[in-house]
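If you want the building blocks of each chain, they are given just below.
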Amino acid sequence: MGKEIMRKAEELVEKRMKGNDASHDAAHAFRVRDLALSLAREEGLSSSPHSMLIVELAALLHDIGDYKYVRDPSEARIVEEFLQGQGIEEGMKIKILNIIKGMGFKEEVGGLTNRNYSIEFGVVQDADRLDAIGAIGIARCFTFGGSRHRVLHDPKIQPRSDLSKEDYMNKVEQTTVNHFHEKLLKLKDLMKTKAGKKRAEKRHNFMEDFLKEFYEEWDGRA
């Protein structure tokens, strides 16, 4: 049963994320799924098929209906209707939907940190955040910025600090490089699991090295 549900979930991801740019496409969802399962195994969840199914489905489906790409308000219910249609029992369905609803950076940016999170929530959120940093994170950041016609960098536009949820969602006059300072460089310290924290270190350091080189080249110093 699990394999059949997963196959249908993968098909839904392919179909619903097809029109997105490469920063939030099906490949992103599949990477997050693989990362989440890997973190879950490191955190000792592999002995619970129930937990592993929650992790895999939440990770796979987490970006369907993302506010940045929603074309129709009804898209917000696609995941819930899919889970119901697959006969996922109510308790598991609620857990999956709660993980998806609470894992975005916009929920945490204004200090609304969820301290009573489950280990399943932790590994899925950490996996999504790991895919936002490091080499892949850099590639995704510039892909998204390019899709929104943002300038790469403008020294006159400073990164915003102490962002509220509304400020974060409002991207007026922002540069792609500023997104590193407003979000990506903060993710290492927001990891929820030991496994996530360990992997975030290397990816974070890679971004810092990249930015140092970027600024030197921008200023003609390199």
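All of these numbers come straight from a predicted model, not from anything done at the bench.

**Student:** Looking at this structure, I do not really get the nonpolar core. What am I missing?
**Tutor:** Proteins that are soluble and globular tend to have nonpolar side chains buried together. With 57 residues, the main nonpolar core has V13, L57 and L61 as its most contacted residues. Here L57 is in contact with I5, M6, A9, L83, I88 and I96, once residues within four sequence places are set aside.

**Student:** Help me understand the environment of R140 in this model?
**Tutor:** Tracing the backbone shows R140 in helix 8 (residues 134-147). The sequence separation of R140 and H24 amounts to 116 residues, and the corresponding C-alpha distance is 7.9 Å. The residues touching R140, leaving out its near neighbours within four places in the chain, are S23, H24, H28, R31, D131 and A132.

**Student:** When you look at the pattern of salt bridges in this model, what are you seeing that I'm missing?
**Tutor:** Note on pairing: side chains with opposite charge can pair once their charged atoms come close. This structure, assessed with the given rule, holds 19 salt bridges. Among the salt bridges present, the one from E42 reaches K198, with a minimum N-O distance of 3.6 Å. Of the two residues, E42 sits in helix 2 (residues 26-42) while K198 sits in helix 11 (residues 194-218), which places them 156 residues apart along the sequence. E42 gets classed as partly exposed once you look at its relative accessible area, which sits at 39%. Close ionic contact of K188 with D189 constitutes a salt bridge, the shortest N to O distance being 3.3 Å. When its relative accessible area of 60% is taken as the criterion, D189 is described as exposed.

**Student:** Please clarify how the side chain of D126 should be interpreted in this entry.
**Tutor:** Relative to the helices and strands, D126 is located in helix 7 (residues 119-130). At 2.7 Å, the side chain of D126 and the side chain of T193 are in polar contact. In this structure, D126 is in contact with L39, L190, M191, K192, T193 and G196, ignoring residues within four places of it in sequence.

Here is what the cut-offs are and how they apply
- Residues numbered from 1 in each chain as written.
- Predicted model: local features only at pLDDT ≥ 70, side-chain atom pairs only at ≥ 80, totals over all residues.
- Heavy atoms only, no water.
- Core = buried A, V, L, I, M, F, W, Y, C linked by side-chain atoms within 4.5 Å.
- Buried < 20%, exposed > 50% of the residue type's maximum accessible area, 1.4 Å probe, protein only.
- Contact = heavy atoms within 4.5 Å.
- Helix = DSSP H or I, 4+ residues; strand = E, 2+ residues; numbered from the N terminus.
- Salt bridge = Lys/Arg side-chain N within 4 Å of Asp/Glu carboxyl O.
- Polar contact = N/O pair within 3.5 Å; in protein donor to acceptor, adjacent residues only side chain to side chain.

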